[in-house]
Amino acid sequence: MAYYRIASNLVIYLTKELHEGTVKSANNVTNWIGTVWMVPILGADIADAHLGWYWTFVIASGIYLLGMSLLTLAVSLPALKPPSCGPGVEDKDSEKQASTFQVAVFYLAFYIIAAGTGETKANISSMGADQFDDFEPWERVQKLSFFNWWMFC
């Protein structure tokens, strides 16, 4: 999922593009990652008690897509992009800051992605496991292989 790629570069983006300090950026990233890993509890409850894992996954995928689309807009559209410091200007010397609106749209996109990612995390392994019949010996072996590859990837 794109979540892992985003998480690996997020501190750099927050410090270089949004002009946040390193400590604030690292804190925001850990808060976001913590949210991503706590939301599956909610996703499991929704899937088990209300919608079922299939519809929870479908809705969560839509939420995830919405967040990714909003994030793409937030870093692409000039009105939503933070101002550039200009060539040769160090970020620490820059006085240009992202507007409150730009920061709000950026973090809104990220927390929508967190909600979608967390909801899918709770259900995607169940969807994969459901493809195999436990009463067929060959499929039981394939199911174990599926989980080995799932955890490896």
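Residues numbered from 1 in each chain as written. Predicted model: local features only at pLDDT ≥ 70, side-chain atom pairs only at ≥ 80, totals over all residues. Heavy atoms only, no water.

### Things to note about the overall build of the protein
Thinking step 1. Assigned secondary structure in the protein consists of six helices and zero strands.
Thinking step 2. The secondary structure elements of the protein, listed N-terminal to C-terminal, are α-α-α-α-α-α.
Thinking step 3. Evaluated residue by residue, the protein yields a buried proportion of 33% over its 153 residues.
Thinking step 4. Summed over all atoms, the accessible surface of the protein reaches about 9600 Å², with 65% contributed by carbon and sulfur. (Helix = DSSP H or I, 4+ residues; strand = E, 2+ residues; numbered from the N terminus. Buried < 20%, exposed > 50% of the residue type's maximum accessible area, 1.4 Å probe, protein only. Areas by Shrake-Rupley, 256 points an atom, 1.4 Å probe, with all protein chains shown as cover.)

### Brief notes about the environment of S69
Thinking step 1. Mapping S69 onto the fold places it in helix α3 (residues 53-76).
Thinking step 2. The exposure class assigned to S69 is partly exposed, which follows from its relative accessible area of 36%.
Thinking step 3. Taking the C-alpha atoms as reference points, S69 and I113, separated by 44 residues in sequence, lie 9.6 Å from one another.

### Considering empty space enclosed by the protein
Thinking step 1. Here the structure, examined in full by the defined rule, presents one cavity of 30 Å³ or more.
Thinking step 2. Here the largest cavity is characterised by a volume of approximately 30 Å³.
Thinking step 3. Of all the secondary structure elements, the ones that give two or more residues to the lining of the largest cavity are α1 (2-16), α2 (22-51) and α4 (100-121).
Thinking step 4. Across the lining of the largest cavity, the residue classes break down as seven nonpolar, one polar and no charged. (1 Å grid on protein atoms, 1.4 Å probe; cavity = no way out; pocket = protein on both sides within 12 Å on 5 of 7 lines; lining within 4 Å. Points joined across faces, edges and corners; volume = space filled by probe spheres on them. Nonpolar A, V, L, I, M, F, W, Y, C, P; charged D, E, K, R; others polar.)

### Here's the deal with the confidence of the model for the protein
Thinking step 1. Residues with a pLDDT of 70 or more make up 88% of the protein, whose mean pLDDT is 79.
Thinking step 2. Within the protein, the lowest mean pLDDT, 73, falls on helix α5 (residues 124-129), and the highest, 88, falls on α3. (pLDDT = per-residue confidence, 0-100.)

### Observations concerning the packing of α2 against α3
Packed helices, taken two at a time, are described by the angle between their axes plus the distance between the axes.
Thinking step 1. Between α2 and α3, the shortest axis-to-axis distance is 8 Å and the interhelical angle comes to 130°. Compared by their axis directions, α2 and α3 come out oblique. Handedness of the α2/α3 crossing: right-handed. Residue-level contacts link G43, I46, A47 and L51 of α2 to W53, W55, T56 and I59 of α3.
Thinking step 2. The residue makeup of the contact of α2 with α3, split by class, is six nonpolar, two polar and no charged. (Axes fitted to C-alpha atoms, helices over the stretch in contact; angles between N-to-C directions. Parallel < 35°, antiparallel > 145°, perpendicular 65-115°, else oblique. Left-handed = near helix turned anticlockwise from the far one by under 90°. Contact = heavy atoms within 4.5 Å.)

### Topic: a nonpolar patch on the surface
Thinking step 1. A cluster of nonpolar residues, L51, W53, Y54, W55, V58 and I59, forms a patch on the protein surface that exposes about 570 Å² of accessible area.
Thinking step 2. Counting residues per element, the nonpolar patch draws most heavily on α3, at five residues.
Thinking step 3. Within the fold, W53 resides in helix α3. (Patch = residues over 30% accessible without salt bridge, like charges linked within 9 Å, V, L, I, M, F, W, Y side chains within 5 Å. Salt bridge = Lys/Arg side-chain N within 4 Å of Asp/Glu carboxyl O.)

### A word on the packing of aromatic side chains
Thinking step 1. Per the stated rule, a full pass over the model turns up five aromatic pairs.
Thinking step 2. Where Y13 meets F106, the ring centres are 5.2 Å apart and the plane angle is 20°; that geometry is what we call stacked. Of this pair, Y13 sits in helix α1 while F106 sits in helix α4; the two residues are 93 residues apart in sequence, bridging distant segments of the chain.
Thinking step 3. On the accessibility criterion, F106 (3% relative accessible area) is buried.
Thinking step 4. An aromatic cluster of at least three residues, connected via ring pairs, comprises Y13, W32, F106, Y107 and F110. (Phe/Tyr/Trp six-rings, centres within 6.5 Å; stacked < 30°, edge-to-face > 60°.)

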